[in-house]
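Each chain, written out:
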Amino acid sequence: MDYLLEQVNDQIDVLAVWDAEWNTYTNAYFIQEDAGLTVVDSCKEGHLEFLRHSLNKIGKTADDVKLMLVTHGHEDHVGGAPLFTKARKVIHADETLPAESFISGELLDRGTIGDYEYTRVGYHSPGSVIFFHRPTRTLFTGDFLCFFGDPLSDGGLVSKGEELRQAWIEFLQCGGVAKVDLPVFLNGLRMMKEYDPDVMCTGHGGVLVGDLDVFLEELITIGDADK
Ligand SMILES: [Zn+2]
Ligand SMILES: [Zn+2]
């Protein structure tokens, strides 16, 4: 099994590539819109074949992608960028990028691009951004909040993901986010909660559906108590 491709909702598909080298699922998302296809993140350079295959499976090609939103500049999120030659590709100005990626560091700390609202959360990397697709109430969190190295939930790739939520709660309880980073992290969680998402699409592994306000509030409460 090299990758999974599943529908998140009517407009969104998730590609989760199994990266044996890093021992984790790494995700990219395809969103079908009137203006064309949008891609959020793009896995590693070595994963181009999986991006091509999965686009093919949803009846598209790389040239159909008109917008590429990049949560942050790590190689497992920008690697597929060269495939999307017809797309406007954007990232926050504070991220460092490979020169040949043709991704523009034009995102501000808060704004709107196409159907997406975005906010810089600045934890995990200086210019880490979350994107909110209001038409489907879907939040793309990149690695700000993700399931790097975790197995998929028993419910599947797109599910409530109870075990994944529990793992994050325990991680935070055990000091997984360093005290020095906690204020920035908590601020990011509050911004996530403000969007009031129905779906949370992360940079690695499970896509969470349902009761996200409860999950986020629980994390905020733990973090607040620990400050
Ligand atoms: Zn990262
Ligand atoms: Zn990552």
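Keep in mind that this is a model prediction, so the values were computed, not measured.

> What exactly am I supposed to notice about the overall build of the protein chain here?
When helices and strands are tallied, the protein chain shows five helices and 14 strands. For 227 residues, the compact-globule formula gives about 17 Å, and the C-alpha radius of gyration of the protein chain, at 16 Å, lands near that figure. Expressed as lengths along the three principal axes of its C-alpha atoms, the size of the protein chain is roughly 50 × 35 × 35 Å. Taking all 227 residues of the protein chain together, 54% fall into the buried category. Pairs at least 24 apart in sequence give 56% of the contacts found in the protein chain among residues at least 6 apart. The protein chain carries 18 positive and 38 negative side-chain charges, and their two centres are separated by 5 Å.

> Would you explain the coordination of the zinc ion (ligand 2) in this entry?
Around the zinc ion (ligand 2), the protein contributes the donor atoms Asp76 (OD), His77 (NE2), Asp143 (OD) and His204 (NE2), which lie 2.1 to 2.2 Å from the metal centre. Taken together, the four donor atoms coordinating the zinc ion (ligand 2) and their angles of 88 to 158° define a geometry best described as irregular. Along the chain, the residues that donate to the zinc ion (ligand 2) are spaced as D-H-x65-D-x60-H. The distance between the zinc ion (ligand 2) and the zinc ion (ligand 1) comes to 3.4 Å, and Asp143 binds to both of them. Taken as a pair, Asp143 in the loop between strand 11 (138–142) and strand 12 (158–159) and His204 in the loop between strand 13 (199–202) and strand 14 (207–209) lie far apart in primary sequence, 61 residues in all. Each member of the pair, Asp143 together with His204, is buried.

> What exactly am I supposed to notice about the coordination of the zinc ion (ligand 1) here?
Under ideal tetrahedral coordination, the four donors around a metal are separated by 109.5 degrees; under ideal octahedral coordination, the six donors are separated by 90 or 180 degrees. Those donors, His72 (NE2), His74 (ND1), His124 (NE2) and Asp143 (OD), are the protein atoms that reach the zinc ion (ligand 1), and they lie 2.1 to 2.4 Å from it. Taken together, the four donor atoms coordinating the zinc ion (ligand 1) and their angles of 92 to 167° define a geometry best described as irregular. Of note, the donors binding the zinc ion (ligand 1) are all from one chain and are spaced H-x1-H-x49-H-x18-D.

> Explain the pattern of salt bridges to me, please; I cannot follow it from the model alone.
Counted under the stated rule, the structure contains 13 salt bridges. The residue Asp63 makes a salt bridge to Lys86 at a minimum N-O spacing of 3.7 Å. Note that Asp63 is positioned in the loop between helix 1 (48–57) and strand 5 (65–69) and Lys86 in the loop between helix 2 (75–78) and strand 6 (88–92), a separation of 23 residues in sequence. Taking the relative accessible area as the measure of exposure, Asp63 reaches 34% and is therefore partly exposed.

> For this particular structure, what's the right way to read the side chain of Lys44?
Along the chain, Lys44 turns up in the loop between strand 4 (36–40) and helix 1. Leaving out residues up to four positions away in the same chain, Lys44 has contacts with Asp19, Glu21, Trp22, Glu75, Asp76, Gly79 and Gly80.

Procedures and definitions
- Residues numbered from 1 in each chain as written.
- Chains lettered and ligands numbered in written order.
- Predicted model: local features only at pLDDT ≥ 70, side-chain atom pairs only at ≥ 80, totals over all residues.
- Heavy atoms only, no water.
- Helix = DSSP H or I, 4+ residues; strand = E, 2+ residues; numbered from the N terminus.
- Rg over C-alpha atoms; globule rule 2.2 N^0.38 Å.
- Buried < 20%, exposed > 50% of the residue type's maximum accessible area, 1.4 Å probe, protein only.
- Contact = heavy atoms within 4.5 Å.
- Lys, Arg positive; Asp, Glu negative; His and termini not counted.
- Charge placed at Lys NZ, Arg CZ, Asp CG, Glu CD.
- Donors = N, O, S within 2.8 Å, 3.2 Å for Na, K, Ca; no water.
- Tetrahedral: all angles 85-135°; square planar, octahedral: opposite > 155°, others 65-115°.
- Salt bridge = Lys/Arg side-chain N within 4 Å of Asp/Glu carboxyl O.

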